[in-house]
Amino acid sequence: MNVRQPLLAKLSLMKHLANLKITVTCLVWLLILTFWGTVAQTGHGLYEAQKTFFFSWIFLAGGFFPLPGAQLTLWVLFINLVSVTLTRFVFRWSKIGILIIHLGLLSYFVSAFVIFVSTQESQVTLLEGEAANVSTAYHDWELAFWPADLSGGVKREKHSAKTDVVSYDISRLKPERFVSDFTLKANFVVKSYSRNADVFADGTVKALTPDKEPERNFPAAVIEIASSKPDSDIRKMTLAGADPDPAVVSIGGENWNVSLRRARYPLPLTIALEDFKADFYPGTDTARSYESYVKVSHENLTRDVRIYMNHPLRFKSYAFFQASYSIDDRGRERSTFAVVRNAGGWMPYASSLITFLGLSIHFLMMAFRKKN
Amino acid sequence: MNWKYAVVLIVVVTLSACRNEPLRREYQEAVFEAPAAEPRLPPGHPSIGSDMNDPAMKAMIADSAVEAPIIWETPDGWTEIPGDGMRLATLKSPDGLVQISIISFGGQAGGVEGNVVRWLGQLNITLDDQALKNFIAGSESVVSIGGFNVRIFRFTSLAPDADSSMIAAMTEIPGAIVFFKMTGPAKNLEAHFPDFHDFCQSLELKS
């Protein structure tokens, strides 16, 4: 006799959570959400539809009626399945296969959770001959500071070869929140932040309604910054996300570049675009295929890699996919790689293996039982 | 026993709400730029500058390219070359040594300081913070016959002997910001400044 089941069976909460009606309701609701979210992409755009229907706990249908989002539904389903496993399963060796199958199915949920939390999507765009060790976010913006080199009559570089950057997630810097930074030796306050805005020549900011496609939004922020030394002058700055060049601010005698820019994510390697090749359909500008030849450097080791459609570069938890390209007026070719960081990428495979193992054991046991 | 499951549930749900990125990060950025390439523009085509190839700049341009409803009087003897997209026109001086580019943006133009800093960068001129403030504060303002306030920045004053310099002006018109860049050797720019000044004064809205 199993000792666990009577114990858990006494828990009324567990019994309620293990109700089969919850399972069926969640599955039906997920079906509806999938259909609704897919249709909504045509009117709201991919990003907004995903955010509203799939990444949310609760969303407002029609702007007023609250309904559970896919994230909440999946959690309820997960808890329901765990409860079912704990309260209804009686451990017997003859049922070991079924138990492993259920553990495999539950581990799919764990995999989905880890991937949801850890996945980071960004991109790297390189001109032939360029190299980078950071990728650029699609939608997230940062307030970045890095030392400005004004010495020696050399113009201020947008990026020196190697730069130590201090950055803040601008969306999480609440207006009027006082921030004291020990690296900058400065205090600053974001006075205002607009997700999408026009910045005019006199520094005024006109907030615009954010576009449904977030990559079309260019934010603006007004910040006040001063050295952390007492009685320092306060400098007010208007930063425009559309401005490709950083502003320069002198803090306690040191010059810093300040920029409101798309967030950069450090990569575990340096990727250099050696060559880009595109084949076009005859007489058209439509590419038949395109591929990038890159040099990848990591800890004094360098190797050549060809990245092309469905053949990404995989390195640790990162994958670099050939995403797009452009050719400018000077005939120079740029290649864009979609960078996906997925710390739990192996987990669905492990879940599949567990489920396969459970199925195999169960079928083999059934087969032997029939034979006997 | 119940409370233990409740605690586990709360922890799991809280974890799911965790953000991927912290508020503050420090990282090392290394971007190695490509060697300069020879431009492939048609002969005689005015330079479009390297900033035009920046993806952010391209996005901004795509977002900003507007046909500014503005007219001007071409200085005597100057030649006007029609532009396209955000470049409204290019004017060439009679001696061919100097040209004025007229460029419009649909609002997201980076502000006065951002543009002055960008232009300084293009000219390889460095200014400390105070000098930059002084330079901007010392800029000349001209009111055109159309009532526009045009701010003029004489970068020639910072490097009077430079072979490549600029006198730039900017003004805000309804729905756009328009930049006027007179480029060429510093001495020639100064010689043509009265023409540029008159040109700025001639700006008015299309009727």
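Coordinates for the structure precede this section.
Heads up: these notes are all about the structure in this document.

Cut-offs used in this document
- Along each chain, the written sequence defines residue order, and numbers are assigned to residues from 1.
- Following the order in which they are written, the chains are lettered starting with A and the ligands numbered starting with 1.
- Reporting of local features is limited, given that this is a predicted model, to residues whose pLDDT is at least 70; pairs of side-chain atoms are given and counted only at 80 or more, and all residues count toward the totals for whole chains, interfaces and linings.
- The side-chain quantities take in all heavy atoms of the structure and omit both hydrogens and water.
- Secondary structure elements follow DSSP: runs of H or I of four or more residues count as helices, runs of E of two or more count as strands, with numbering from the N terminus.
- Note on contacts: a residue pair qualifies if any of its non-hydrogen atoms lie within 4.5 Å across the two residues.
- Areas reported here follow the Shrake-Rupley algorithm with a probe of radius 1.4 Å; residue values treat only the protein chains shown as occluding.
- When accessible area is computed with a 1.4 Å probe and restricted to protein chains, residues below 20% of their type maximum are described as buried, those above 50% as exposed, and intermediate ones as partly exposed.
- We define a salt bridge as a side-chain nitrogen of Lys or Arg found within 4 Å of a carboxyl oxygen belonging to Asp or Glu.
- Only residues whose relative accessible area exceeds 30% and that take part in no salt bridge are eligible for patches, with like-charged residues grouped when within 9 Å of each other and nonpolar side chains (Val, Leu, Ile, Met, Phe, Trp, Tyr) grouped when within 5 Å.
- In this charge count, Lys and Arg are treated as positive and Asp and Glu as negative; neither His nor the chain ends contribute.
- We put the charge of a Lys on NZ, of an Arg on CZ, of an Asp on CG and of a Glu on CD.
- Two aromatic rings, drawn from Phe, Tyr or Trp (for Trp, its six-membered ring), form a pair once their centres lie within 6.5 Å of each other, and the interplanar angle then sorts them: stacked below 30 degrees, edge-to-face above 60, tilted otherwise.
- The criterion is that NZ of a Lys, or CZ of an Arg, lies within 6 Å of the ring centre and within 35 degrees of the ring normal, and then a charge sits over that ring.
- By this rule, a helix spans an expected 1.5 Å times one less than how many residues it contains.
- Pairing between strands is defined by DSSP: at least two bridges between them are needed.
- Geometry is summarised by axes, namely lines fitted to C-alpha atoms with helices restricted to the contacting stretch, and by angles between N-to-C directions that run from 0 to 180 degrees.
- Polar contact is the term for a pair of N or O atoms within 3.5 Å; when the atoms are in protein, one must be able to donate a hydrogen and the other to accept it, and sequence-neighboring residues count only if both atoms are side-chain atoms.

The subject of this paragraph is the overall build of chain A. The helix and strand tally for chain A stands at 7 helices and 18 strands. Expressed as a percentage of contacts within chain A between residues at least 6 apart in sequence, the contacts between residues at least 24 apart total 55%. As displayed, chain A has an accessible area near 19,900 Å², and 61% of this comes from carbon and sulfur atoms.

When helices and strands are tallied, chain B shows 6 helices and 11 strands. Burial analysis of chain B (207 residues in total) assigns 45% to the buried set. Here the analysis covers contacts within chain B between residues at least 6 apart in sequence; of these, 53% occur between residues at least 24 apart.

Summed over all chains, the structure comprises 12 salt bridges over all chains. Residues A:Glu142 and A:Arg261 are paired through a salt bridge, measuring 2.9 Å at the closest nitrogen-oxygen approach. Of this pair, A:Glu142 sits in strand β4 (residues 131-147) while A:Arg261 sits in strand β13 (residues 254-280); the two residues are 119 residues apart in sequence, bridging distant segments of the chain. Classification of A:Glu142 by relative accessible area gives buried; the value is 1%. The shortest N-O distance in the salt bridge between B:Arg154 and B:Glu190 comes to 2.5 Å. Residue B:Arg154 is located in strand β8 (residues 149-154), and its partner B:Glu190 is located in helix α5 (residues 186-191); the two are separated by 36 residues in the primary sequence. Residue B:Glu190 is classed as partly exposed on the basis of its relative accessible area, which comes to 32%. A single salt-bridge network, built from bridges that share partners, covers A:Glu142, A:Arg261, A:Arg264, B:Arg25 and B:Glu29.

The next point concerns a negative patch on the surface. Residue and element names in this part refer to chain B. A contiguous patch of negative charge, built from Glu73, Asp76, Asp198 and Glu204, is present on the exposed surface. The residue Glu204 is located in strand β11 (residues 204-205) in this model. Taking the relative accessible area as the measure of exposure, Glu204 reaches 31% and is therefore partly exposed.

Our focus in this paragraph is the packing of aromatic side chains. With the rule as written, the count across this model stands at 24 aromatic pairs over all chains. Pairing A:Phe64 with A:Phe65 gives two aromatic rings, centres 6.5 Å apart and planes at 70 degrees, and the pair type is edge-to-face. When the ring of B:Trp119 is compared with that of B:Phe155, the centres are 6.1 Å apart and the planes differ by 80 degrees; the resulting orientation is edge-to-face. Here B:Trp119, found in helix α3 (residues 111-122), pairs with B:Phe155, found in the loop between β8 and β9 (165-173); they are 36 residues apart in sequence, far enough to count as distant. Grouping aromatic residues by their ring pairs yields a cluster made of B:Trp72, B:Phe180, B:Phe193, B:Phe196 and B:Phe199. A cation over an aromatic ring shows up here: A:Arg262 above the ring of A:Phe218, its NZ or CZ 5.8 Å from the ring centre. The ring of A:Tyr308 has A:Arg306 lying over it, and the distance from NZ or CZ to the ring centre is 3.8 Å.

Now for helix α6 (residues 96-118) of chain A. Between the first and last C-alpha of α6(A) there are 32 Å, a value that for 23 residues agrees with the 33 Å anticipated at 1.5 Å per step. Those residues of α6(A) not exposed but buried are A:Ile96, A:Gly97, A:Leu99, A:Ile100, A:Ile101, A:Gly104, A:Leu106, A:Ser107, A:Ser111 and A:Ser118.

In this fold, A:Ser194 is placed in strand β7 (residues 186-194). By relative accessible area, A:Ser194 is classed as buried at 14%.

What follows is about the sheet that holds strand β6 (residues 178-181) of chain A. Strand pairing in a sheet takes place through backbone hydrogen bonds and is either antiparallel or parallel in direction. All names here are of chain A. Strands sit in the order β6-β7-β10-β11 across an open sheet of 4 strands; the sheet is antiparallel. The open sheet terminates on both sides in strands that have one partner only, identified here as β6 and β11 (235-240). Each strand axis lies, on average, 30 degrees off the axis of its neighbour in the sheet, ignoring direction. Across 8 bridges, β7 lies against strand β10 (residues 220-227) in antiparallel orientation. Bridge pairing in β10 links Asn187 to Ala226.

Take the environment of A:Tyr138 next. Residues and elements named next belong to chain A. Take Tyr138: it is sitting in strand β4. Overall, Tyr138 belongs to the partly exposed group, its relative accessible area being 28%. Contacts of Tyr138, omitting those with residues within four sequence positions, involve Glu121, Ser122, Gln123, Glu215, Arg262 and Ala338. From its side chain, Tyr138 meets the backbone oxygen of Ser122 in a polar contact 3.3 Å long.

Read these as layout, nothing more, since geometry by itself doesn't imply function.
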